[in-house]
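What follows is each chain in one-letter form.
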Amino acid sequence: MADPLSIIVVEKDPERARMVVDALREAGEFTVHVIAEETGLGRRISERNPDIVLVDLTSPTRDMLEELALASGPLERPVAMFVDKSSDSLTKAAIEAGVSAYVVDGLRGERIKPVLDAAIARFHMFHRMRAELTATKRALEERKVIDRAKGLLMKARGIDEDAAYALLRKAAMDQGRKVADVAEALVTAAGLLG
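Residues numbered from 1 in each chain as written. Predicted model: local features only at pLDDT ≥ 70, side-chain atom pairs only at ≥ 80, totals over all residues. Heavy atoms only, no water.

(A) Highlighting the overall build of the chain. In terms of regular secondary structure, the chain is built from seven helices and five strands. Overall, the chain shows an N-to-C arrangement of helices and strands of β-α-β-α-β-α-β-α-β-α-α-α. For the chain, buried positions account for 36% of its 194 residues. A separation threshold of at least 6 residues defines the contact pool for the chain, and within that pool the share at least 24 residues apart is 62%. For the chain, the exposed area adds up to about 11,600 Å²; of that, 54% sits on carbon and sulfur atoms. (Helix = DSSP H or I, 4+ residues; strand = E, 2+ residues; numbered from the N terminus. Buried < 20%, exposed > 50% of the residue type's maximum accessible area, 1.4 Å probe, protein only. Contact = heavy atoms within 4.5 Å. Areas by Shrake-Rupley, 256 points an atom, 1.4 Å probe, with all protein chains shown as cover.)

Right under this line is the structure:
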């Protein structure tokens, strides 16, 4: 059986904090820790390393929003933020900071679990998209290096592109390396020699 999700609730008001904790306990098995003081928030969250952060603010300022969002590690874990009042610029700042769910005037017990579920799903979707983007950028860079290495081989050996790639592939197989790694070594060596 998997460990219960750990949730940090950032809430100054004890009554609202109790309502959030009760709603979470009714919704499932969670380990919940409440942080009432914003001072040292980043350190406290890092020490606990929760699965999810739920932040409740009455009327956030842009500075407070950015500090809380960045302190809670939105690229590391889902962050759900409940606010009583907002504006278009604050909503945009929260989304740009990586907050997974930003809910205005919506902190009611029955809504907490669905909002957390949505925050988790959105966080995982964006995490996959970032991983795919990183992999695509890496593949593009590898492709560029391979093309440069093929060009060097074509020029040095007077061979066509297919033969140059076959030569790179054979060298990679012989050395137990990736074609991109062999190509990188060739380009680097050519740069040193040229």
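On we go.
(B) Up close: the packing of helix α5 (residues 109-157) against helix α7 (residues 179-193). α7 packs onto α5 with a crossing angle of 55° between their chain directions and a minimal axis gap of 8 Å. With respect to each other, α5 and α7 are oriented oblique. α7 is crossed by α5, and the crossing has left-handed handedness. Of the residues in α7, those in contact with E142, V145, I146, R148, A149, L152 and L153 of α5 are V179, A180, A183, E184, L186, V187 and A190. Considering only residue class, the contact of α5 with α7 consists of 11 nonpolar, no polar and three charged. (Axes fitted to C-alpha atoms, helices over the stretch in contact; angles between N-to-C directions. Parallel < 35°, antiparallel > 145°, perpendicular 65-115°, else oblique. Left-handed = near helix turned anticlockwise from the far one by under 90°. Nonpolar A, V, L, I, M, F, W, Y, C, P; charged D, E, K, R; others polar.)

(C) Region of interest: the sheet that holds strand β1 (residues 5-10). As summarised here, the arrangement of the five strands in space is β2-β1-β3-β4-β5, forming an open sheet in which the pairing is parallel. Edge positions in the open sheet fall to β2 (30-35) and β5 (101-104), since each of these has one partner strand only. Looking at each pair of strands side by side, their axes are set apart by 15° on average, direction ignored. In this sheet, β2 lies alongside β1 in parallel orientation, the contact comprising six bridges. Note on β2: the bridge partner recorded for V9 is V34. The strands that α5 touches are β1, β2, β3 (52-57), β4 (79-83) and β5; relative to β4, the one it contacts most, it runs at about 135°. (Pairing = 2+ DSSP bridges.)

(D) Up close: the pattern of salt bridges. Under the counting rule described, the total for this entry stands at 11 salt bridges. With its nearest N and O atoms 2.8 Å apart, the salt bridge here joins E161 to K150. Taken together, the positions of E161 in helix α6 (residues 161-175) and K150 in helix α5 put the pair 11 residues apart, joining distant regions of the chain. Judged by its relative accessible area of 42%, E161 is partly exposed. Judged by relative accessible area, K150 falls into the buried class, the value being 6%. Its salt-bridge partner being K170, residue D174 comes within 2.8 Å of it at the nearest N-O pair. Taken together, the positions of D174 and K170, both in helix α6 and four residues apart, correspond to about one turn of that helix. For D174, a relative accessible area of 57% puts it in the exposed group. (Salt bridge = Lys/Arg side-chain N within 4 Å of Asp/Glu carboxyl O.)

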